[in-house]
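Here are the chains, one letter per residue:
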Amino acid sequence: MTEKEYDNIPGTIVFDADKSREGYHLNQFCISLRLQKNRDAFNKNEEAYLDAYPMSKEQREAVLKREWNLLLELGGNIYYTSKLAANDGINFQNLAGRMTGMGVDSYREMMLKGGRSIEGNRDKSEWGED
Amino acid sequence: MAKIMAGVGCSHVPAIGVAMDTGITHEEYWKPVFQGFKKSREWMKKQNPDVIFLIYNDHCTAFDARCIPTFALGCGAEFQPADEGWGPRPVPAVKNHQKMASHIAQSLVLNEFDITIMNEMEVDHGLTVPLSVMFGDIKQNDEWPSLVIPLCVNVVQYPAPTGNRCYNLGKAIRRAIESYEEDLNVIIFGTGGMSHQLQYKRAGLINSDWDKRFLDLMTEDPVGASQITHLEYLRETGSEGIEMVMWLIMRGALNENVTEIHRHYHVPASNTAVGHIILENNA
């Protein structure tokens, strides 16, 4: 795949046209949970509800297992996946606690202290990644 | 004629709306956030705008992935607060100045800004939170003190419109508003930001130095601010910091020379740096 100018930003997935195409059915599933009647149907039988959305097997598994980072890697966008999180009673901050692997308390503590610094977080090389 | 008196830049963090709706704004965590809007609420009362032109983004609420307009102008009579997955906010429906909105839609297209026209649209926290912080608590069965014309911008799917495009759109919006014949006092809001990243492993990124420079540029060098690249927003302000292009639409609709009336900056509100500025057009 052609390298994109934003590929070297660490810990970040830019939701561009390629991601949007890949994640279309996944994201449409997530946004359906905006409505209570759909949340009720999903919570009653997740597998059956997911049958209506022709997503990949990998995406479907990631939904069922609530693998929040994998969902983003597979084309999910945070504003969509946050609807699935909200259904589970997880708000944005607690979701971030999970995605960063820090846990809810240490993440909240980091935010209270001014957030994650930009220093050391601009380029993948600073994370020891390519 | 209608006239733009001032511009407001303002974050629209959903948790700020939740804090107001659940009555916890006095808590230690929230106190400094709301302290910074005290002066703004007094200022709003004095301004008493007839119309607010409000630039915001939808967070995959009214628009799903089926349709992603870059610029969508609200032309319907009113807009209901949307259920974003945790129930609609208990705030009034937003009422439009419909005649003025259709005048703006027509003027923009003839000025080569080919916006999408929305006659039905629900609005999410991106629009209602800035109204709440600037007006204070407004009961659900009451009315917002001003009419609101919403302009919804895509900043969710990359690429958002460029800062330069946004700045020039602001200029076209001003021409549209100020060619409307009714005598109306208009304030323009640019919302979103400041630095924040909600997703993946770098979530929680905040860049206060960058944000403060951006606030300086809003007052002193809007043209400079309009040249900030998408790559810089993404890298320096987090994947969701790119919302700040919407402030440039507001800024483009003001004079080059403005007076900064008020500024507020606080970290954190949930995952986000809260930024706010009030700029008045110099006479």
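Attention in this report is confined to the structure presented alongside it.

**Focus on the overall build of chain B**
Across its full length, chain B carries 10 helices and 10 strands. The C-alpha atoms of chain B give a radius of gyration of 17 Å, which matches the 19 Å a tight globule of 283 residues would have. Overall size of chain B, expressed as C-alpha extent along the three principal axes, is 45 × 45 × 45 Å. For chain B, with 283 residues in total, the buried portion stands at 57%. Contacts spanning at least 24 positions in sequence make up 84% of the contacts within chain B whose residues lie at least 6 apart.

**Overview of helix 8 (residues 92-99) of chain A**
All names here are of chain A. With 6 of 8 residues buried, helix 8 lies mostly within the body of the structure. Within helix 8, the full set of buried residues consists of Phe-92, Gln-93, Leu-95, Ala-96, Gly-97 and Met-99. Buried-residue contacts for helix 8 involve helix 6 (68-73), helix 7 (78-87) and helix 9 (104-112). Following helix 8 by one or two positions, Gly-101 adopts a phi angle in the positive range, close to 75°.

**Structural notes on helix 5 (residues 57-64) of chain A**
Residues separated by three or four positions in an α-helix point in the same direction, a consequence of the helix having 3.6 residues per turn. Residues and elements named next belong to chain A. Here helix 5 has its buried residues at Gln-59, Arg-60, Ala-62 and Val-63. With its buried residues spanning 160° around the axis, helix 5 presents them on a single face. Opposite its buried face, helix 5 presents the exposed residues Lys-57 and Leu-64, each directed more than 90 degrees away. Those residues of helix 5 that are buried lie in contact with helix 2 (24-32), helix 4 (46-50), helix 6 and helix 7. Of the residues trailing helix 5, Arg-66 is marked for its positive phi of about 55°.

**Quick look at the interface of chain A and chain B**
Facing the 42 residues of chain A at the interface are 33 residues of chain B. Elements represented by at least two residues in the side of chain A that touches chain B include exactly helix 2, helix 6, helix 7, helix 8 and helix 9 of chain A. Its residues assigned to classes, the side of chain A that touches chain B comprises 23 nonpolar, 13 polar and 6 charged.

**Details of the pairing of strand 2 (residues 51-56) of chain B**
Residues and elements named next belong to chain B. The element strand 2 is extensively covered by neighbouring structure, given that 6 of its 6 residues are classed as buried. What you see with strand 2 is no split at all: Val-51, Phe-53 and Ile-55 on one side and Ile-52, Leu-54 and Tyr-56 on the other are buried throughout. Both strand 2 and strand 7 (residues 147-153) contribute to a ladder of 6 bridges, which runs parallel. In the strand pairing of strand 7, Val-51 is matched with Leu-147. One ladder, built from 5 bridges, connects strand 2 with strand 8 (residues 185-191); its direction is parallel. Among the inter-strand pairings, Ile-55 is bridged to a residue of strand 8, identified as Gly-190.

**A few points about the pairing of strand 9 (residues 258-269) of chain B**
All names here are of chain B. As paired elements, strand 9 and strand 10 (residues 272-281) share 9 bridges and run antiparallel to each other. Across the sheet, residue Ala-269 finds its bridge partner in strand 10, namely Thr-272. Turn length for the strand 9-strand 10 hairpin, with the two strands adjacent in sequence and antiparallel, is 2 residues, and the turn residue Ser-270 shows positive phi of about 60°.

**Topic: the nonpolar core**
Residue and element names in this part refer to chain B. Grouped together as the largest cluster of nonpolar side chains are 124 residues, with contacts concentrated most on Phe-53, Leu-54, Ile-104 and Met-246. Counting residues per element, this core draws most heavily on helix 6 (residues 163-177), at 7 residues. Here Leu-54 is in contact with Leu-127, Pro-130, Val-148, Ile-149, Pro-150, Leu-151, Phe-189 and Thr-191, once residues within four sequence places are set aside.

**Details of the sheet that holds strand 1 (residues 3-10) of chain B**
All names here are of chain B. The strand order across the open sheet formed by 8 strands is 6-3-7-2-8-1-10-9, and the pairing between neighbours is mixed. Only two strands of the sheet have a single partner each, and these edge strands are strand 6 (116-118) and strand 9. Here the strands of the sheet are splayed against their neighbours by 20° on average, with no regard to which way each runs. Most of the contacts of helix 4 (residues 98-110) go to strand 3 (residues 71-74), to which it runs at about 150°, and overall it touches strand 2, strand 3, strand 6 and strand 7.

So, how was this worked out
Residues numbered from 1 in each chain as written. Chains lettered and ligands numbered in written order. Predicted model: local features only at pLDDT ≥ 70, side-chain atom pairs only at ≥ 80, totals over all residues. Helix = DSSP H or I, 4+ residues; strand = E, 2+ residues; numbered from the N terminus. Rg over C-alpha atoms; globule rule 2.2 N^0.38 Å. Buried ≥ 20, exposed ≤ 12 C-beta atoms within 10 Å, placed from the backbone. Contact = placed C-beta atoms within 7 Å. Arc of directions from axis to C-beta. Nonpolar A, V, L, I, M, F, W, Y, C, P; charged D, E, K, R; others polar. Pairing = 2+ DSSP bridges. Core = buried A, V, L, I, M, F, W, Y, C linked by C-beta atoms within 7 Å. Axes fitted to C-alpha atoms, helices over the stretch in contact; angles between N-to-C directions.

In short, the description is geometric, and any link to function would need to be established separately.
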